[in-house]
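Fold and contact review
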Amino acid sequence: MRTIYIDRRDAELDLDGGALVVRLAGARIQSLPLGIMERLVVRAPAMLATRLLAELWRRDIGLLVLSGRHGEPTARLLGPPTADLR
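Residues numbered from 1 in each chain as written. Predicted model: local features only at pLDDT ≥ 70, side-chain atom pairs only at ≥ 80, totals over all residues. Heavy atoms only, no water.

Thoughts on helix α1 (residues 50–58)
Along an α-helix, residues three or four positions apart point the same way, because every turn accommodates 3.6 residues. Residues L52, E55 and L56 constitute the buried set of α1. Buried residues in α1, looked at end-on, bunch into an arc of 105°, giving them a common side. In α1, the exposed residues that point more than 90 degrees away from the buried face are T50, W57 and R58. Backbone geometry just after α1 places D60 at a positive phi near 60°. (Buried < 20%, exposed > 50% of the residue type's maximum accessible area, 1.4 Å probe, protein only. Helix = DSSP H or I, 4+ residues; strand = E, 2+ residues; numbered from the N terminus. Arc of directions from axis to C-beta.)

Observations regarding the nonpolar core
Core analysis: the largest hydrophobic core is formed by 17 residues, its most contacted members being I6, L13, L20, L34, M37, L40 and L56. Secondary-structure elements contributing two or more residues to this core are β1 (3–6), β2 (11–16), β3 (19–24), β5 (39–42) and α1. (Core = buried A, V, L, I, M, F, W, Y, C linked by side-chain atoms within 4.5 Å.)

Some details on unusual backbone geometry
Backbone geometry places A25, a non-glycine residue, at a positive phi of 50°. You can see A25 is positioned in the loop between β3 and β4 (27–33). For A25, a relative accessible area of 81% corresponds to the exposed category. A positive phi angle is found at D60, which is not glycine, with a value near 60°. Among the structural elements, D60 can be located in the loop between α1 and β7 (62–67).

This is how it looks when you write it as structure tokens:
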């Protein structure tokens, strides 16, 4: 399972070509190709571009948003089923 964790407060997540782009205060700090991902987990308050959400869904990449003091699941976008969901 190739899971990417984002745990940077106020990160801005966007799509550029076929890559997830992470920005802080408008500055690009990371770029990761979506082709390597099976799941994206966002742990801190962040902004996600709708075009990124659409591309995650189109590619069957799961998204899990955790919030609160103890990281309670608050939103998810399901990708393909995996063996660890049993």
